[in-house]
Amino acid sequence: MWQRQKRHITGGTLFEIEPAESYTSDDLNYSDPDSRVSKEHDDESLRDVKLKTTDVSDWSSYTTVYIGYPIWWGEAAWPVNAFVRANDFSGKTVIPFCTSASSPLGSSASNLAKLATTGDWKEGQRFRSSANTQTVEDWVKQQA
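How each quantity is defined
- Residues numbered from 1 in each chain as written.
- Predicted model: local features only at pLDDT ≥ 70, side-chain atom pairs only at ≥ 80, totals over all residues.
- Heavy atoms only, no water.
- Helix = DSSP H or I, 4+ residues; strand = E, 2+ residues; numbered from the N terminus.
- Rg over C-alpha atoms; globule rule 2.2 N^0.38 Å.
- Buried < 20%, exposed > 50% of the residue type's maximum accessible area, 1.4 Å probe, protein only.
- Contact = heavy atoms within 4.5 Å.
- Areas by Shrake-Rupley, 256 points an atom, 1.4 Å probe, with all protein chains shown as cover.
- Lys, Arg positive; Asp, Glu negative; His and termini not counted.
- Charge placed at Lys NZ, Arg CZ, Asp CG, Glu CD.
- Phe/Tyr/Trp six-rings, centres within 6.5 Å; stacked < 30°, edge-to-face > 60°.

Colleague: How would you explain the overall build of the chain if you had to name every residue and give the values?
Modeller: Regarding its fold elements, the chain presents four helices and five strands. Counting helices and strands in the order they occur from the N terminus, the chain gives α-β-β-α-β-α-β-β-α. Against the globule reference of 15 Å for 144 residues, the chain gives a C-alpha radius of gyration of 15 Å, in line with a compact fold. Viewed in the frame of its principal axes, the chain has a C-alpha envelope of about 40 × 30 × 30 Å. Here the chain holds 144 residues, and 35% of them are scored as buried. Restricting to contacts in the chain with at least 6 residues of sequence separation, those with at least 24 account for 70%. As displayed, the chain has an accessible area near 8500 Å², and 46% of this comes from carbon and sulfur atoms. Charged side chains in the chain number 15 positive and 20 negative. The centres of these two groups are separated by 6 Å.

Colleague: Lay out the packing of aromatic side chains in plain terms, naming residues and giving numbers.
Modeller: This structure, assessed with the given rule, holds twelve aromatic pairs. A centroid spacing of 6.0 Å and a plane angle of 90 degrees characterise the contact between Trp59 and Phe83, whose relative ring orientation is edge-to-face. Here Trp59, found in the loop between helix H1 (36-42) and strand E1 (64-72), pairs with Phe83, found in helix H2 (residues 78-86); they are 24 residues apart in sequence, far enough to count as distant. Take Trp59: its relative accessible area is 15%, and that puts it in the buried class. The exposure class of Phe83 is buried, given its relative accessible area of 4%.

Colleague: Lay out the side chain of Asn81 in plain terms, naming residues and giving numbers.
Modeller: Checked against the element boundaries, Asn81 lands in helix H2. In this structure Asn81 comes out as buried when scored by relative accessible area, which is 16%. For Asn81, the contacting residues outside a window of four places in its chain are Leu112 and Leu115.

Colleague: Kindly report on unusual backbone geometry, identifying the contributing residues and their values.
Modeller: Backbone geometry at Trp73 places phi at a positive 50 degrees, although glycine is not the residue there. A positive phi is found at Thr117, a non-glycine position, where the angle reads about 65 degrees. With respect to the secondary-structure elements, Thr117 resides in the loop between helix H3 (108-116) and strand E4 (120-121).

This is the structure:
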């Protein structure tokens with residue numbers, strides 16, 4: 001299991017959602033119809049991305065969970081779906097956020113909440129890919 005044990009402005013521990021088969025830069029070439037993400041986009045059956053792990057150490061002790069992800073065609077990146085489906089968010093406040101150069105948050109956060117079926121999911125926040133650390137830190141402080 002690979003998990004970073006680094007503290008952040010939230011005071012929490014960072015857990016990285018990692019696909020069992022990593023995405024290469026070629027896989028993430030959205031303008032290539034033969035790239036992995038393009039094929040997954042066109043065929044929803046390919047979007048069930050296996051993860052290295054979905055187990056978060058001491059998951060039951062967390063009351064607030066931030067879930068960050070990039071936007072892929074107006075949705076959360078497919079690997080995030082596998083993480084959300086695999087975990088019980090009962091009794092947790094879930095604060096989704098995403099990054100995107102041009103796409104809005106759209107229904108990505110509410111779609112993740114539907115997948116989870118449990119937890120108190122907040123509206124979510126989209127950050128431009130050019131957002132600086134201070135912008136993100138200010139937003140996190142507003143969530144407390």
